[in-house]
Each structure stands twice: as C-alpha cells, then as structure tokens.
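Examination of the molecular architecture
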Amino acid sequence: MSSKKNMNGIYTCEQVSDGHPDKICDQIADAIVTDCLAHDKNSRVAIECLLKDDHMIIAGELTSSHKPDYRKLVDDVLRRINYEKLGYGYDRYDIMCGLKLEILVREQSPDIALGVDKGGAGDQGIMFGYATNETPELLPIPFAVATEFLQLLKNHPSRMFRADAKAQVSYDYDSGRITTFLCSVQHSPDVEVGDFRHIIESMMVLAACKYGIKGDFEKLVNPTGRFVVGGSFADCGVTGRKLACDTYGGIGRIGGGALSGKDPSKADRSGAYMARKIAKDIVRAGYADRCEVQLAYAIGVVEPVSVAVDCFGSEYQNPEFIRAYVRENYDLTPMGIVRDLHLLDTMWVLILPLIYSPYNMLIMKTYLQSSIPDSLEESAFLDGASNFQI
C-alpha cells in the first residue's frame, strides 16, 4: 500500500440517484433480503436483479422458511422512489400494470452451507473500508458534495425532474476548490435545459457551500442538451454495478463483490461494513487523518486470512500501535461481525450497501454507530434502498 499524508491534485467522485436503473436493482435485491431476514433470521440470500425497459428478472439463490412476495416488494420499492417519475406507464393504483417480472431463484448450494453453518465466511473475497477527516461524514469531499446535491434534487418539488440522475464533482485538493461540477438530470419532455439550468446550478452551489466550498466552479448541466429518455429505457440496470457510488465515489479502494442482495453471512457485505467501521473509528479517535482497512476471507473459514491497515503516512500513532488496536478490539469472524453490528436487525433496503448515497441510508445509529455519518443520520433518507445509505 502507498504512503501519502495528504491528497494532492484533482480527484473526481460520482454519485447516482435512487432512480438510476442500477440502483433500482440494488434496492429491490435489498428489499428481498430485508423481507427474508424479517421472517427468518437464518435466511441465506444471494439475489441479483436485471431491469431493461419494462422487464425485470430476479435471479439467484435463496434458502429460507419464508417465501417472499416478489411483486409486492418490487412495487414497494418503486413507490418509495416515486413511481410517477419512473416512466413505466403505471397508474396511481396499479403500479405493477406495466412491469413484466420473471423469477429465477433456487436454493443455496449445500456445498456452501457446509462452511457457513459452522461460522465460516459465505465466500472468499477481499473487502475495503475507508475514512477521511475531510468531512463530518468521514467521506471524501467530492463524494459528499455529489451525494448532497442528489439529495437536494430528490427533495425538490418540481414535477419536471424525473427519477434518473447522476452527479460528478472534480475537486482540487491543492487549492481546496471544486474545478468542475457535472450533473445529468432526467426531465419531462415538455421542458428544455434552459428552463431549469438555474435551479440545478443553485443546488450545486448549495451542496458545495454545505462543506465550506465556494460556488465559483465550472457548472455542466445535461451536457448533451437533453435527457428525456432515462432509467431502464436508456440503460439496462443490474444489481451491484455501482460499487463506487455505494462506497467512496472512486476515492478509496473497493472490494471485489457487490454489497446489495446478500444476507450478512456473505463477507462481501458484512466485511465491507466492518472495514468501514474500523477505518472510521481510527480516524475519529485521532489516530490518523485518513485510513484504509482491507479484510480478506476464505469460504468456510472462520478467521480472516489477512487484515491490513494503511493510514497513508497521516497517522499520529505508531503504525504497530494502530494494528494492535485493531487486533485487540474487533471480532473479525463472520459471526462476530454480524453480532457486533446487529446486522440481522438491519433493514438492508434502507442501507444500500455501504455509505450514504441517494438510496438506502440505513444501519440506524443504534446499530453501526461509528459507521454512520452523523450529519446524515437525521435525514437518513429512509426512503428505502433508494435514498442514501450507511
């Protein structure tokens, strides 16, 4: 791992709205996980969703005493996002009238269960957690600004804005200013960019000002000039395809597996949450300005095969002291993580995988306390896996 005390140069982070097709799929997959765990805490869930036009496929593995009502769960998620802005031709009373649903779900392989049932990890894999003292949420500044902008957009009352949107913020760490703020916002066909550019630009400035940044940056609003066709009618949506948006916006490494659609026996998810918690605890304790934690697991094995901590030269304590702190204070077994973070009591659909993006801000403060951004906990877009996460 590299060693660098301060960030230098221009870094860009991105975020997407809860109405982006990939995020719709994440939210539906997490709604299924939530529903199964609410009825059977021993459920083993690994669900993927694919959405194209008005056709959704739900596929994967599920072993549970509970049989989810897939249509109702899909309906609930789309209503939470705001079905009037999604464009599937639903009416106010029968949102499902236009969506074709195909279910391809089978039971989990008994070979996997052999290791999980004795407390081992549900799969092999690597997980990362990152924290920085740049913002109250301990997230990178450009990522926090992009996320705040999309929250402002979602809360805006205008009916001209549709559900699909992206934001991208380029931040110069040397000068402490944003160089370029880009957003693409889906809109109704009866308006042009010029009709709402001033609204979007004002939200860009508001999002930047929240973090003490001036609004004298280049503002790019719908650079193609028009964004009417959006959502799954413009791009196919797939679960787990927005990992950077689920974590740190592109700053800080990410693991190899998706977070959504998985019960907490899957280390891809629970390990990523714990790695984030450890990194936040280290930064909050004043041991370092920045911290990245990597965990790695083998399927069926109880203890992680490796634990690495990198503070990029920003530490105020001896690195060995920090490593000892991690070894002595955290149970990194899969069962220990689930217990200590209360993951079986979490509404995954509100958490969306790892951070605080426009869709699932969950893991309430009573749970992953040190893993939840203080400034977001109150607004916790408990809008479902669709409104900003942990």
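So, here is what we can say about the structure in this document. (Residues numbered from 1 in each chain as written. Predicted model: local features only at pLDDT ≥ 70, side-chain atom pairs only at ≥ 80, totals over all residues. Heavy atoms only, no water.)

1. Details of the overall build of the protein chain
Regarding its fold elements, the protein chain presents 11 helices and 11 strands. When burial is assessed residue by residue, the protein chain has 59% of its 390 residues classed as buried. Sequence separation of at least 24 residues holds for 73% of the intrachain contacts in the protein chain that already meet a minimum separation of 6. Here the protein chain has roughly 15,200 Å² of accessible surface; of this, 51% comes from carbon and sulfur atoms. (Helix = DSSP H or I, 4+ residues; strand = E, 2+ residues; numbered from the N terminus. Buried < 20%, exposed > 50% of the residue type's maximum accessible area, 1.4 Å probe, protein only. Contact = heavy atoms within 4.5 Å. Areas by Shrake-Rupley, 256 points an atom, 1.4 Å probe, with all protein chains shown as cover.)

2. Quick word on helix α1 (residues 21-39)
Over its 19 residues, α1 runs 28 Å from end to end, which matches the ideal 27 Å to within 8%, given 1.5 Å per residue. Most of α1 sits out of view: 17 of its 19 residues are buried. (Expected span 1.5 Å × (residues − 1).)

3. Description of the sheet that holds strand β10 (residues 290-297)
Where strands meet in a sheet, backbone hydrogen bonds hold them as pairs that are either parallel or antiparallel. Ordered by their spatial adjacency, three strands build an open sheet running β5-β10-β11, and the pairing between neighbours is antiparallel. The open sheet is flanked by β5 (125-132) and β11 (306-310), the only strands paired with a single partner. Adjacent strand axes in the sheet meet at a mean angle of 10 degrees when their direction is disregarded. Here β5 runs beside β10; their pairing, made up of eight bridges, is antiparallel. Residue pairing in the sheet places Thr 132 in a bridge with Arg 290 of β10. Each of β5, β10 and β11 touches helix α7 (residues 267-284); the most contacted strand, β5, lies at about 30 degrees to it. (Pairing = 2+ DSSP bridges. Axes fitted to C-alpha atoms, helices over the stretch in contact; angles between N-to-C directions.)

Such coordinate-based values are descriptive only and should not be taken to indicate function.
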